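Spelled out, the chains give:
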Amino acid sequence: MRFSFFNLARQALAQNRGWPEQWRSPEPKGSYDAIIVGAGGHGLATGYYLAKEHGLTKIAVLEKGWLGGGNTGRNTTILRSNYLWEESAALYEYSLKMWEGLSRELNYNVMYSPRGVMMLAHNTHDVQVGKRHVHANRLAGVDNEWLSPEDAKAFCPILNIARDIRYPVVGAALQRRGGAARHDAVAWGYARGASARGVDIIQNCEVTAIRRDASGAVAGVETTRGAIATKRIGVVAAGHSSVVMAMAGVRMPLESYPLQALVSEPVKPMMPCVVMSNTIHAYMSQSDKGEMVIGAGTDAYISYSQTGGLHIANHTLEAVCELFPAVRRLRMLRNWGGIVDVTPDRSPIIGLSPVPGLFVNCGWGTGGFKATPGSGHVFAHTLARGEPHPLAAPFTLERFRTGRLIDEAAAAAVAH
Ligand code: FAD
Ligand code: PYC
């Protein structure tokens, strides 16, 4: 992370130093009805809905750093629901609908902006894949439409549709209801809402072990701030879920990869929508502050490094400069990486585990920000009732044993 006042402030907050009493993390209590491991957007949303909709009052969300400091605070905020399979489209569409009312729900402006997400096609195969998505989405009741290069340029005037460039634009799929939101605000909004309902959000508190009783069921956690008893644990630790689950002896079908992004210096509004290219592994939008937000593909190798390979960023920038010549002379303001956890079928895992009392919500890979409200909502239901929410039911860990996979590799939007 870059040196800045905000990062220092976050660290001070996480370490309980130098802040008014009411802003400090509470001390962990001896026991809770449920513990969530990971205070990213998904973990905080889970805590919020557990308290709000399931009446659980003694809940703790434990975070090894500061809240929202993981992928939630590092992502490029793209929201959309144009996934291929019905199971995925249903889950992401559920979430997209929740975004529409989220600022009101949380009484906190998450800066939701349905400005349209356009996915470019550069060759015949891209056109076939893109059109297949459009048809599948429309059958599933999800908006998506096919555009000619000229229509794409009308929607995004800075797009270069010249035919003689290295990656010519030959068409595009447009989800008009897709868009972006402010990532930090989502974490803060859910944290504030959960805290107001009595949820303890305990930062600087790393879970180091999971305790089990004589029957093998969950009995509590050990943390860097002491042991805590509980019979229900939800692991929502993107990038590190397999590490936490291994503490209870559960081996997860996950690999962790660095994924990186960068922003330019801020400029006046020049880009009205989000544009992505799966083929080139590049995408761009403009933040409300004016920065051009640019993202790349994952590194080719598994790693826990929070810095992506320079050659990957170079490739992305070359492609972005060709597709959007207007940004060529902008300077880069900052770059960063996050660690995403990826399943073999590029779909998440939400549900129970073989250990009684241990639940998991992970494997969102490069695309979980858009799912934050829906994921928290269905996972809270799953944790509270001890059985999957109907929308989460296809996304069990069990599918890797039965072979009933939900292969969304082509919808992942960035390469991995
Ligand atoms: P996180 O926000 O990562 O939260 C998990 C938390 O668990 C972390 O804060 C971590 O510190 C904590 N933790 C880990 N281990 C422990 C432990 N032992 N004890 C306690 N706490 C622990 N998705 C989209 O939909 N659209 C995008 O445009 C998009 N762009 C992306 C761009 C980049 C560069 C990256 C890195 C990701 C992007 N994503 C995007 C993916 C998205 O960010 C993630 O899928 C999503 O944020 C996951 O949320 P989370 O709450 O599960 O995880
Ligand atoms: O899932 O839309 C997405 C996405 C864009 C960039 C990273 N993930």
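Residues numbered from 1 in each chain as written. Chains lettered and ligands numbered in written order. Predicted model: local features only at pLDDT ≥ 70, side-chain atom pairs only at ≥ 80, totals over all residues. Heavy atoms only, no water.

A. Broad picture of the overall build of the protein. Of regular secondary structure, the protein possesses eleven helices and 19 strands. Relative to the compact-globule value of 22 Å for 416 residues, the protein shows a C-alpha radius of gyration of 21 Å, a close match. Across its three principal axes, the protein shows a C-alpha extent of roughly 70 × 50 × 40 Å. Burial status across the protein gives 57% buried among its 416 residues. Look at the contacts in the protein between residues 6 or more apart in sequence, and 75% of them connect residues 24 or more apart. (Helix = DSSP H or I, 4+ residues; strand = E, 2+ residues; numbered from the N terminus. Rg over C-alpha atoms; globule rule 2.2 N^0.38 Å. Buried < 20%, exposed > 50% of the residue type's maximum accessible area, 1.4 Å probe, protein only. Contact = heavy atoms within 4.5 Å.)

B. A look at the site of ligand 1. Glu63, Asn71, Thr72, Thr76 and Gly368 are the nearest of the 37 residues found near ligand 1. Between a nitrogen atom of ligand 1 and a main-chain N or O atom of lysine 64, the distance comes to 3.1 Å. The separation between an oxygen atom of ligand 1 and a polar side-chain atom of threonine 76 is 2.8 Å. If ligand 1 stood free it would expose 1000 Å²; the protein chains cover 96% of that surface. Counting only elements with at least two residues in the shell around ligand 1, the list comes to α2 (41-54), β13 (255-264) and β17 (332-342). Here the shell around ligand 1 takes three residues from β13, the largest share from any one element. Its residues placed into classes, the shell around ligand 1 shows 15 nonpolar, 17 polar and five charged. (Near = heavy atom within 4 Å. Polar contact = N/O pair within 3.5 Å; in protein donor to acceptor, adjacent residues only side chain to side chain. Areas by Shrake-Rupley, 256 points an atom, 1.4 Å probe, with all protein chains shown as cover. Nonpolar A, V, L, I, M, F, W, Y, C, P; charged D, E, K, R; others polar.)

C. Representation of the environment of asparagine 204. Looking at where asparagine 204 falls in the secondary structure, it is placed in the loop between β8 (200-202) and β9 (207-212). Note: C-alpha distance between asparagine 204 and methionine 271 (67 residues apart in sequence) is 38 Å.

Nothing here speaks to function; it is all geometry.
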